[in-house]
Amino acid sequence: MTPVSVPQSRLLATAIPGPRSVELHAERLKHVTSGFGITLPVFIDRADGAILQDVDGNRIIDFASGIAVTSVGASNPNVQAHVGDQLARFTHTCFMVTEYDSFTAVCRWLNEHTPGEFEKRTALFSTGAEAIENAIKIARSATGRQKVLVFDDAYHGRSLLTMAMTAKENPYKLNFGPFPTEVIRAPFAAPLRWPTGAENATAEALAAVERILDAEGPETFAAMVIEPIQGEGGFIVPSPGFLPGLREIATRHGIVFVLDEIQAGMGRTGLLFASNHEQVVGDLTVTAKALAGGLPLSAVTGRVELMNAVHAGGLGGTYAGNPLACAAALGVFEAFEDGALVANACWIEAVAREMLDPLLSAAGIVVDVRGRGAMLAVEFADRDTLAPRAELAKEIAARCHAQGLLVLVCGTYSNVIRLLPPLVIEEALLRDGLTVLRDVVVQVDAAARETATREDVAA
Ligand SMILES: *Cc1c(COP(=O)(O)O)cnc(C)c1O
(Lines give C-alpha, C1' and ligand atoms only; values in the text may rest on other atoms or scores of the structure.)
Protein backbone atom coordinates (compact mmCIF):
# COMPACT_ATOMS: atom_id res chain seq x y z
CA MET A 1 0.00 0.00 0.00
CA THR A 2 1.33 3.46 -0.87
CA PRO A 3 0.68 5.90 1.91
CA VAL A 4 -1.34 8.84 0.65
CA SER A 5 -0.22 12.25 1.73
CA VAL A 6 -2.52 15.24 1.61
CA PRO A 7 -1.15 18.79 1.91
CA GLN A 8 -1.99 20.15 5.37
CA SER A 9 -3.65 23.36 4.24
CA ARG A 10 -7.21 24.50 3.51
CA LEU A 11 -8.11 24.91 -0.15
CA LEU A 12 -11.38 26.01 -1.75
CA ALA A 13 -11.27 24.74 -5.34
CA THR A 14 -15.05 24.94 -5.89
CA ALA A 15 -18.08 25.85 -3.83
CA ILE A 16 -18.65 23.38 -0.97
CA PRO A 17 -20.22 21.01 -1.81
CA GLY A 18 -18.71 21.04 -5.31
CA PRO A 19 -20.38 19.74 -8.49
CA ARG A 20 -19.04 16.18 -8.23
CA SER A 21 -20.22 15.89 -4.60
CA VAL A 22 -23.64 17.23 -5.58
CA GLU A 23 -23.89 14.55 -8.27
CA LEU A 24 -22.79 11.77 -5.91
CA HIS A 25 -25.18 12.96 -3.21
CA ALA A 26 -28.09 12.83 -5.67
CA GLU A 27 -27.09 9.25 -6.48
CA ARG A 28 -26.91 8.43 -2.77
CA LEU A 29 -30.46 9.63 -2.24
CA LYS A 30 -31.64 7.05 -4.80
CA HIS A 31 -30.04 4.13 -2.96
CA VAL A 32 -29.41 4.91 0.69
CA THR A 33 -32.09 5.06 3.37
CA SER A 34 -33.07 8.57 4.35
CA GLY A 35 -32.77 7.46 7.98
CA PHE A 36 -29.10 8.49 7.98
CA GLY A 37 -28.57 12.21 8.51
CA ILE A 38 -25.69 14.16 6.97
CA THR A 39 -23.62 16.99 8.44
CA LEU A 40 -21.88 18.05 5.23
CA PRO A 41 -22.88 16.42 1.92
CA VAL A 42 -19.34 16.24 0.57
CA PHE A 43 -17.71 13.04 -0.71
CA ILE A 44 -14.17 12.41 0.47
CA ASP A 45 -11.47 11.17 -1.88
CA ARG A 46 -8.59 10.94 0.60
CA ALA A 47 -7.79 12.12 4.10
CA ASP A 48 -4.64 12.53 6.13
CA GLY A 49 -3.62 14.47 9.23
CA ALA A 50 -6.36 17.03 9.77
CA ILE A 51 -7.38 17.46 6.13
CA LEU A 52 -10.26 15.86 4.26
CA GLN A 53 -9.78 16.18 0.50
CA ASP A 54 -13.02 15.90 -1.42
CA VAL A 55 -13.79 14.62 -4.92
CA ASP A 56 -13.82 18.21 -6.25
CA GLY A 57 -10.30 18.87 -4.96
CA ASN A 58 -11.34 20.97 -1.94
CA ARG A 59 -9.24 20.53 1.18
CA ILE A 60 -11.39 20.80 4.29
CA ILE A 61 -10.02 21.24 7.80
CA ASP A 62 -11.25 18.38 9.94
CA PHE A 63 -12.49 19.50 13.37
CA ALA A 64 -14.59 16.33 13.65
CA SER A 65 -12.19 13.36 13.32
CA GLY A 66 -15.10 11.19 12.22
CA ILE A 67 -16.66 11.95 15.63
CA ALA A 68 -13.54 11.62 17.79
CA VAL A 69 -12.24 8.54 15.97
CA THR A 70 -9.24 9.51 13.84
CA SER A 71 -7.20 11.10 16.63
CA VAL A 72 -4.01 9.71 15.07
CA GLY A 73 -5.04 11.02 11.63
CA ALA A 74 -7.06 9.22 8.96
CA SER A 75 -3.97 7.78 7.22
CA ASN A 76 -1.72 7.08 10.15
CA PRO A 77 1.43 5.17 9.06
CA ASN A 78 1.51 2.97 12.19
CA VAL A 79 -2.12 1.97 11.65
CA GLN A 80 -1.53 1.40 7.94
CA ALA A 81 1.54 -0.79 8.59
CA HIS A 82 -0.21 -3.04 11.12
CA VAL A 83 -3.44 -3.31 9.14
CA GLY A 84 -1.56 -3.87 5.87
CA ASP A 85 0.40 -6.73 7.38
CA GLN A 86 -2.72 -8.27 8.90
CA LEU A 87 -4.66 -7.86 5.66
CA ALA A 88 -1.99 -9.83 3.82
CA ARG A 89 -2.12 -12.68 6.38
CA PHE A 90 -5.87 -13.10 7.08
CA THR A 91 -8.95 -10.95 7.63
CA HIS A 92 -11.06 -13.00 10.02
CA THR A 93 -11.31 -16.22 11.94
CA CYS A 94 -13.78 -15.20 14.69
CA PHE A 95 -12.02 -15.15 18.05
CA MET A 96 -14.66 -17.49 19.47
CA VAL A 97 -13.65 -20.10 16.88
CA THR A 98 -9.83 -19.87 16.62
CA GLU A 99 -7.45 -17.43 18.26
CA TYR A 100 -4.94 -14.74 17.18
CA ASP A 101 -2.58 -12.98 19.53
CA SER A 102 -3.30 -9.37 18.51
CA PHE A 103 -6.63 -9.74 20.39
CA THR A 104 -4.68 -10.62 23.55
CA ALA A 105 -2.20 -7.79 22.97
CA VAL A 106 -5.00 -5.20 22.75
CA CYS A 107 -6.55 -6.56 25.95
CA ARG A 108 -3.17 -6.44 27.71
CA TRP A 109 -2.59 -2.80 26.69
CA LEU A 110 -6.02 -1.77 27.95
CA ASN A 111 -5.54 -3.66 31.23
CA GLU A 112 -2.25 -1.83 31.74
CA HIS A 113 -3.38 1.66 30.71
CA THR A 114 -6.96 2.11 31.95
CA PRO A 115 -7.27 3.65 35.43
CA GLY A 116 -7.19 1.26 38.40
CA GLU A 117 -4.35 -0.57 40.17
CA PHE A 118 -6.06 -3.94 40.30
CA GLU A 119 -6.05 -7.09 38.26
CA LYS A 120 -8.12 -6.63 35.11
CA ARG A 121 -9.51 -8.47 32.13
CA THR A 122 -10.82 -7.06 28.86
CA ALA A 123 -13.52 -8.04 26.37
CA LEU A 124 -13.42 -6.69 22.81
CA PHE A 125 -16.41 -5.85 20.63
CA SER A 126 -17.01 -3.74 17.52
CA THR A 127 -19.08 -0.67 18.39
CA GLY A 128 -19.42 1.59 21.38
CA ALA A 129 -23.08 0.75 21.91
CA GLU A 130 -22.24 -2.95 21.85
CA ALA A 131 -19.55 -2.47 24.51
CA ILE A 132 -21.93 -0.49 26.75
CA GLU A 133 -24.56 -3.23 26.40
CA ASN A 134 -21.95 -5.79 27.37
CA ALA A 135 -20.83 -3.72 30.36
CA ILE A 136 -24.44 -3.94 31.58
CA LYS A 137 -24.53 -7.69 30.93
CA ILE A 138 -21.33 -8.09 32.95
CA ALA A 139 -22.55 -5.88 35.82
CA ARG A 140 -25.88 -7.73 36.01
CA SER A 141 -24.22 -11.10 35.88
CA ALA A 142 -21.70 -10.17 38.59
CA THR A 143 -24.17 -8.49 40.98
CA GLY A 144 -27.38 -10.43 40.38
CA ARG A 145 -29.09 -7.00 40.23
CA GLN A 146 -30.92 -5.36 37.33
CA LYS A 147 -31.25 -1.58 37.50
CA VAL A 148 -28.98 0.87 35.70
CA LEU A 149 -28.49 4.46 36.80
CA VAL A 150 -27.76 6.96 34.00
CA PHE A 151 -27.72 10.75 33.81
CA ASP A 152 -29.41 13.73 32.19
CA ASP A 153 -27.97 14.61 28.75
CA ALA A 154 -26.22 11.22 28.55
CA TYR A 155 -25.38 9.54 25.26
CA HIS A 156 -24.55 5.84 25.23
CA GLY A 157 -25.58 4.67 21.75
CA ARG A 158 -28.36 3.73 19.37
CA SER A 159 -29.11 0.08 20.16
CA LEU A 160 -32.29 -0.68 22.09
CA LEU A 161 -30.75 -0.76 25.58
CA THR A 162 -28.37 2.12 24.91
CA MET A 163 -31.21 4.20 23.43
CA ALA A 164 -32.95 3.74 26.76
CA MET A 165 -29.77 4.97 28.47
CA THR A 166 -29.40 7.94 26.10
CA ALA A 167 -31.29 11.08 27.13
CA LYS A 168 -32.08 12.97 23.95
CA GLU A 169 -35.36 12.04 22.27
CA ASN A 170 -34.96 13.49 18.78
CA PRO A 171 -33.25 12.06 16.74
CA TYR A 172 -32.02 9.13 18.82
CA LYS A 173 -35.19 7.67 20.36
CA LEU A 174 -38.10 9.16 18.43
CA ASN A 175 -40.58 6.46 17.30
CA PHE A 176 -38.23 3.62 18.36
CA GLY A 177 -39.79 2.57 21.68
CA PRO A 178 -40.77 0.76 23.78
CA PHE A 179 -37.44 0.64 25.54
CA PRO A 180 -36.05 -1.82 28.10
CA THR A 181 -37.11 -1.01 31.64
CA GLU A 182 -34.88 -0.71 34.74
CA VAL A 183 -33.04 2.33 33.39
CA ILE A 184 -33.29 5.22 35.89
CA ARG A 185 -32.06 8.75 35.18
CA ALA A 186 -30.45 11.17 37.67
CA PRO A 187 -29.28 14.79 37.33
CA PHE A 188 -25.78 15.43 35.94
CA ALA A 189 -23.85 18.18 37.75
CA ALA A 190 -23.76 20.55 34.76
CA PRO A 191 -22.30 23.87 35.93
CA LEU A 192 -23.76 26.28 33.34
CA ARG A 193 -27.43 25.41 33.76
CA TRP A 194 -27.57 24.22 37.35
CA PRO A 195 -30.74 25.91 38.67
CA THR A 196 -29.25 27.25 41.92
CA GLY A 197 -25.85 28.15 40.45
CA ALA A 198 -22.71 26.26 39.45
CA GLU A 199 -21.29 26.36 42.99
CA ASN A 200 -24.15 24.14 44.21
CA ALA A 201 -24.12 21.66 41.35
CA THR A 202 -21.94 18.94 42.87
CA ALA A 203 -23.58 18.81 46.30
CA GLU A 204 -27.15 19.03 45.01
CA ALA A 205 -26.65 16.56 42.16
CA LEU A 206 -25.06 14.03 44.52
CA ALA A 207 -27.93 14.51 46.99
CA ALA A 208 -30.39 13.89 44.15
CA VAL A 209 -28.58 10.65 43.25
CA GLU A 210 -28.78 9.52 46.88
CA ARG A 211 -32.52 10.31 47.00
CA ILE A 212 -33.18 8.38 43.78
CA LEU A 213 -31.20 5.37 45.00
CA ASP A 214 -32.98 5.45 48.36
CA ALA A 215 -36.39 5.58 46.73
CA GLU A 216 -35.60 2.74 44.29
CA GLY A 217 -33.55 0.65 46.71
CA PRO A 218 -29.81 0.96 46.19
CA GLU A 219 -29.42 -2.81 46.43
CA THR A 220 -31.43 -3.16 43.19
CA PHE A 221 -28.84 -1.32 41.07
CA ALA A 222 -26.33 -3.34 39.06
CA ALA A 223 -24.54 -0.39 37.48
CA MET A 224 -24.10 3.36 37.37
CA VAL A 225 -22.92 4.52 33.92
CA ILE A 226 -21.47 7.95 33.24
CA GLU A 227 -19.42 9.82 30.63
CA PRO A 228 -16.56 11.61 32.47
CA ILE A 229 -17.12 14.44 29.98
CA GLN A 230 -20.41 14.26 28.14
CA GLY A 231 -20.13 14.00 24.36
CA GLU A 232 -23.32 14.30 22.29
CA GLY A 233 -25.02 15.92 25.30
CA GLY A 234 -22.94 19.07 24.81
CA PHE A 235 -19.32 18.50 25.90
CA ILE A 236 -20.34 19.13 29.48
CA VAL A 237 -17.52 18.83 32.01
CA PRO A 238 -19.12 17.81 35.31
CA SER A 239 -18.66 20.17 38.19
CA PRO A 240 -15.55 19.25 40.27
CA GLY A 241 -16.14 16.55 42.85
CA PHE A 242 -19.17 15.06 41.10
CA LEU A 243 -17.36 12.05 39.63
CA PRO A 244 -15.46 11.23 42.86
CA GLY A 245 -18.75 11.63 44.79
CA LEU A 246 -20.51 9.17 42.49
CA ARG A 247 -17.59 6.77 42.79
CA GLU A 248 -18.00 6.85 46.57
CA ILE A 249 -21.77 6.31 46.39
CA ALA A 250 -21.34 3.38 43.99
CA THR A 251 -18.75 1.76 46.26
CA ARG A 252 -20.93 2.23 49.35
CA HIS A 253 -23.88 0.45 47.68
CA GLY A 254 -21.98 -2.24 45.79
CA ILE A 255 -23.02 -0.74 42.45
CA VAL A 256 -20.65 -1.35 39.51
CA PHE A 257 -19.27 2.04 38.45
CA VAL A 258 -18.97 2.17 34.66
CA LEU A 259 -17.04 4.95 32.95
CA ASP A 260 -18.07 5.53 29.34
CA GLU A 261 -14.76 6.85 27.95
CA ILE A 262 -15.82 6.14 24.36
CA GLN A 263 -15.62 9.78 23.22
CA ALA A 264 -13.44 11.42 25.89
CA GLY A 265 -10.85 8.66 26.26
CA MET A 266 -7.67 7.77 24.36
CA GLY A 267 -5.82 11.02 24.96
CA ARG A 268 -8.55 13.34 23.69
CA THR A 269 -8.66 15.50 26.84
CA GLY A 270 -4.92 15.83 27.48
CA LEU A 271 -4.63 12.76 29.70
CA LEU A 272 -5.01 9.22 28.44
CA PHE A 273 -8.49 8.97 30.01
CA ALA A 274 -10.82 11.82 30.95
CA SER A 275 -11.44 10.23 34.36
CA ASN A 276 -7.69 10.69 35.09
CA HIS A 277 -8.36 14.43 35.60
CA GLU A 278 -10.06 13.70 38.92
CA GLN A 279 -8.28 10.37 39.59
CA VAL A 280 -11.58 8.55 39.36
CA VAL A 281 -11.41 4.82 38.71
CA GLY A 282 -14.18 2.81 37.09
CA ASP A 283 -14.90 -0.78 38.02
CA LEU A 284 -15.45 -1.08 34.28
CA THR A 285 -14.05 1.31 31.67
CA VAL A 286 -15.56 1.33 28.19
CA THR A 287 -13.53 2.46 25.18
CA ALA A 288 -14.18 2.64 21.42
CA LYS A 289 -14.00 5.46 18.84
CA ALA A 290 -10.29 6.51 18.80
CA LEU A 291 -9.20 3.08 20.04
CA ALA A 292 -8.51 1.67 16.57
CA GLY A 293 -7.98 4.80 14.46
CA GLY A 294 -11.04 4.24 12.29
CA LEU A 295 -11.54 0.49 12.30
CA PRO A 296 -14.50 -0.73 14.35
CA LEU A 297 -13.28 -1.81 17.77
CA SER A 298 -14.64 -1.34 21.29
CA ALA A 299 -13.75 -2.74 24.68
CA VAL A 300 -14.90 -3.29 28.24
CA THR A 301 -11.99 -3.38 30.68
CA GLY A 302 -12.34 -3.93 34.40
CA ARG A 303 -11.90 -5.81 37.61
CA VAL A 304 -11.13 -9.46 37.02
CA GLU A 305 -13.83 -10.62 39.44
CA LEU A 306 -16.49 -8.74 37.44
CA MET A 307 -15.14 -9.57 33.98
CA ASN A 308 -14.86 -13.26 34.86
CA ALA A 309 -18.26 -13.46 36.56
CA VAL A 310 -19.99 -14.15 33.24
CA HIS A 311 -20.44 -17.78 32.19
CA ALA A 312 -18.19 -19.02 29.37
CA GLY A 313 -19.83 -18.30 26.03
CA GLY A 314 -21.91 -15.46 27.51
CA LEU A 315 -19.90 -12.76 25.76
CA GLY A 316 -18.78 -12.53 22.17
CA GLY A 317 -19.86 -11.65 18.65
CA THR A 318 -18.89 -12.72 15.14
CA TYR A 319 -16.74 -9.65 14.55
CA ALA A 320 -15.83 -8.93 18.18
CA GLY A 321 -12.16 -7.91 18.18
CA ASN A 322 -11.77 -8.53 14.46
CA PRO A 323 -8.09 -9.07 13.45
CA LEU A 324 -7.91 -5.96 11.23
CA ALA A 325 -9.38 -3.81 14.00
CA CYS A 326 -6.97 -5.28 16.57
CA ALA A 327 -4.05 -4.63 14.24
CA ALA A 328 -5.21 -1.04 13.84
CA ALA A 329 -5.38 -0.63 17.62
CA LEU A 330 -1.80 -1.87 17.96
CA GLY A 331 -0.81 0.82 15.44
CA VAL A 332 -2.71 3.40 17.50
CA PHE A 333 -0.93 2.28 20.70
CA GLU A 334 2.43 2.69 18.92
CA ALA A 335 1.44 6.18 17.79
CA PHE A 336 0.60 7.05 21.41
CA GLU A 337 3.73 5.48 22.87
CA ASP A 338 6.01 8.51 23.20
CA GLY A 339 3.30 10.67 24.82
CA ALA A 340 3.50 13.36 22.13
CA LEU A 341 -0.08 12.92 20.93
CA VAL A 342 -1.54 13.27 24.40
CA ALA A 343 0.65 16.34 24.94
CA ASN A 344 -0.70 17.74 21.66
CA ALA A 345 -4.18 17.78 23.18
CA CYS A 346 -2.82 20.23 25.78
CA TRP A 347 -1.35 22.76 23.35
CA ILE A 348 -4.43 22.40 21.13
CA GLU A 349 -6.50 23.51 24.15
CA ALA A 350 -4.13 26.40 24.88
CA VAL A 351 -4.29 27.71 21.29
CA ALA A 352 -8.05 27.21 21.06
CA ARG A 353 -8.70 28.99 24.34
CA GLU A 354 -6.44 31.87 23.36
CA MET A 355 -8.58 32.35 20.26
CA LEU A 356 -12.05 31.41 21.53
CA ASP A 357 -12.19 32.60 25.16
CA PRO A 358 -12.34 36.27 24.07
CA LEU A 359 -15.66 35.46 22.34
CA LEU A 360 -17.23 35.18 25.78
CA SER A 361 -16.99 38.93 26.18
CA ALA A 362 -16.92 39.90 22.50
CA ALA A 363 -19.95 37.97 21.25
CA GLY A 364 -23.24 38.26 23.14
CA ILE A 365 -24.48 34.95 21.74
CA VAL A 366 -21.67 32.91 23.36
CA VAL A 367 -22.45 31.76 26.90
CA ASP A 368 -19.72 29.17 27.43
CA VAL A 369 -16.38 28.01 26.05
CA ARG A 370 -15.61 24.70 27.73
CA GLY A 371 -14.04 21.30 27.58
CA ARG A 372 -10.64 19.77 28.13
CA GLY A 373 -7.73 19.23 25.76
CA ALA A 374 -8.84 18.71 22.18
CA MET A 375 -12.47 18.20 23.25
CA LEU A 376 -13.77 21.77 23.29
CA ALA A 377 -17.10 23.42 22.68
CA VAL A 378 -18.75 26.81 22.30
CA GLU A 379 -22.36 27.15 23.49
CA PHE A 380 -24.82 29.63 21.98
CA ALA A 381 -27.73 30.94 24.03
CA ASP A 382 -29.43 34.06 25.28
CA ARG A 383 -27.11 35.77 27.78
CA ASP A 384 -29.85 36.58 30.31
CA THR A 385 -32.15 33.57 30.14
CA LEU A 386 -29.74 30.91 28.78
CA ALA A 387 -32.51 30.04 26.29
CA PRO A 388 -30.66 27.84 23.76
CA ARG A 389 -30.12 29.30 20.28
CA ALA A 390 -29.89 26.22 18.10
CA GLU A 391 -30.53 28.27 14.95
CA LEU A 392 -27.31 30.22 15.54
CA ALA A 393 -25.20 27.07 16.05
CA LYS A 394 -26.65 25.71 12.82
CA GLU A 395 -25.95 28.94 10.95
CA ILE A 396 -22.38 29.11 12.27
CA ALA A 397 -21.69 25.48 11.35
CA ALA A 398 -23.06 26.05 7.84
CA ARG A 399 -20.90 29.14 7.30
CA CYS A 400 -17.80 27.27 8.55
CA HIS A 401 -18.57 24.40 6.20
CA ALA A 402 -18.85 26.78 3.25
CA GLN A 403 -15.37 28.05 4.05
CA GLY A 404 -13.83 24.60 4.27
CA LEU A 405 -13.94 24.00 8.01
CA LEU A 406 -15.81 20.93 9.23
CA VAL A 407 -17.36 21.42 12.67
CA LEU A 408 -20.11 19.42 14.38
CA VAL A 409 -23.11 20.61 16.36
CA CYS A 410 -24.07 18.79 19.56
CA GLY A 411 -25.99 19.29 22.78
CA THR A 412 -29.40 18.28 24.06
CA TYR A 413 -30.65 21.60 22.63
CA SER A 414 -28.45 21.40 19.48
CA ASN A 415 -26.93 24.77 20.37
CA VAL A 416 -23.30 23.77 20.86
CA ILE A 417 -20.45 23.69 18.33
CA ARG A 418 -17.89 21.08 19.27
CA LEU A 419 -14.27 20.84 18.21
CA LEU A 420 -12.62 17.44 17.87
CA PRO A 421 -9.51 18.00 15.74
CA PRO A 422 -7.18 15.03 15.21
CA LEU A 423 -4.39 15.12 17.79
CA VAL A 424 -1.89 15.22 14.88
CA ILE A 425 -3.14 18.60 13.61
CA GLU A 426 -0.40 21.12 12.78
CA GLU A 427 -0.52 24.45 14.61
CA ALA A 428 -0.90 26.61 11.48
CA LEU A 429 -3.87 24.55 10.35
CA LEU A 430 -5.45 24.66 13.80
CA ARG A 431 -5.09 28.44 13.86
CA ASP A 432 -6.54 28.76 10.37
CA GLY A 433 -9.59 26.72 11.38
CA LEU A 434 -10.07 28.62 14.64
CA THR A 435 -9.79 31.92 12.78
CA VAL A 436 -12.57 30.85 10.41
CA LEU A 437 -14.75 29.83 13.36
CA ARG A 438 -14.03 32.99 15.36
CA ASP A 439 -14.75 35.30 12.42
CA VAL A 440 -17.99 33.48 11.62
CA VAL A 441 -19.13 33.74 15.26
CA VAL A 442 -18.40 37.47 15.24
CA GLN A 443 -20.36 37.93 11.98
CA VAL A 444 -23.34 35.93 13.18
CA ASP A 445 -23.26 37.78 16.50
CA ALA A 446 -23.35 41.14 14.69
CA ALA A 447 -26.27 39.97 12.57
CA ALA A 448 -28.10 38.75 15.70
CA ARG A 449 -27.57 42.14 17.37
CA GLU A 450 -28.94 43.94 14.33
CA THR A 451 -32.05 41.74 14.31
CA ALA A 452 -32.54 42.33 18.03
CA THR A 453 -32.23 46.10 17.59
CA ARG A 454 -34.70 46.09 14.68
CA GLU A 455 -37.17 44.09 16.78
CA ASP A 456 -36.75 46.57 19.67
CA VAL A 457 -37.42 49.50 17.37
CA ALA A 458 -40.45 47.75 15.89
CA ALA A 459 -41.76 47.07 19.39
C1 LIG B 1 -20.26 7.36 20.25
C2 LIG B 1 -20.57 7.04 21.63
C3 LIG B 1 -21.19 5.83 22.00
C4 LIG B 1 -21.68 4.83 20.97
O5 LIG B 1 -20.64 4.35 20.16
P6 LIG B 1 -21.00 3.68 18.75
O7 LIG B 1 -19.69 3.13 18.27
O8 LIG B 1 -21.54 4.76 17.87
O9 LIG B 1 -22.02 2.63 19.01
C10 LIG B 1 -21.39 5.59 23.35
N11 LIG B 1 -21.01 6.46 24.28
C12 LIG B 1 -20.41 7.62 23.98
C13 LIG B 1 -19.98 8.55 25.07
C14 LIG B 1 -20.19 7.97 22.64
O15 LIG B 1 -19.62 9.14 22.33
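Residues numbered from 1 in each chain as written. Predicted model: local features only at pLDDT ≥ 70, side-chain atom pairs only at ≥ 80, totals over all residues. Heavy atoms only, no water.

Asks: Can you explain the site of the ligand? Please cite residues and give values.
Replies: For the ligand, the full set of nearby residues is T127, G128, A129, Y155, H156, G157, E227, D260, I262, Q263 and K289. Separating an oxygen atom of the ligand from a side-chain N or O atom of K289 is a distance of 2.6 Å. When the residues that make up the shell around the ligand are grouped by side-chain class, the tally is three nonpolar, five polar and three charged. (Near = heavy atom within 4 Å. Polar contact = N/O pair within 3.5 Å; in protein donor to acceptor, adjacent residues only side chain to side chain. Nonpolar A, V, L, I, M, F, W, Y, C, P; charged D, E, K, R; others polar.)

Asks: Which residues make up the packing of aromatic side chains, and what values do they have?
Replies: One pass over the structure, following the stated rule, counts eight aromatic pairs. Each ring, one from F151 and one from F242, has its centre 5.9 Å from the other, and the planes form 85°; the classification is edge-to-face. With F151 in strand β5 (residues 147-151) and F242 in helix α8 (residues 242-253), this pair connects stretches of sequence that are 91 residues apart. As far as the burial class goes, F151 and F242 line up, both buried. Taking the centre distance of 5.7 Å and the plane angle of 70° together, the rings of F188 and F242 count as edge-to-face. Taken together, the positions of F188 in the loop between β6 (183-186) and α7 (201-216) and F242 in helix α8 put the pair 54 residues apart, joining distant regions of the chain. As far as burial versus exposure is concerned, F188 and F242 are alike and both buried. Pairwise contacts between aromatic rings join F90, F95, Y100 and F103 into one cluster. (Phe/Tyr/Trp six-rings, centres within 6.5 Å; stacked < 30°, edge-to-face > 60°. Helix = DSSP H or I, 4+ residues; strand = E, 2+ residues; numbered from the N terminus. Buried < 20%, exposed > 50% of the residue type's maximum accessible area, 1.4 Å probe, protein only.)

Asks: Can you explain the sheet that holds strand β14 (residues 408-410)? Please cite residues and give values.
Replies: What holds strands together in a sheet is hydrogen bonding between their backbones, with the strands either parallel or antiparallel. Pairing in this open sheet of four strands is antiparallel, and the strands run β11-β12-β15-β14 from one edge to the other. Either end of the sheet is taken by a strand with one partner, and the two such strands are β11 (366-372) and β14. Sheet twist, expressed as the mean angle between neighbouring strand axes with direction ignored, is 25°. With three bridges joining them, β14 and strand β15 (residues 416-419) adopt antiparallel strand pairing. Across the sheet, residue C410 finds its bridge partner in β15, namely V416. (Pairing = 2+ DSSP bridges. Axes fitted to C-alpha atoms, helices over the stretch in contact; angles between N-to-C directions.)

Asks: Lay out the side chain of H401 with the relevant residues and their values.
Replies: Note on placement: H401 falls in helix α13 (residues 390-402). By relative accessible area, which is 8% here, H401 ends up buried. A distance of 2.9 Å separates a polar atom in the side chain of H401 from the backbone oxygen of V407. Apart from the residues within four sequence positions on either side, H401 is in contact with I16, T39, L40, L406 and V407. (Contact = heavy atoms within 4.5 Å.)

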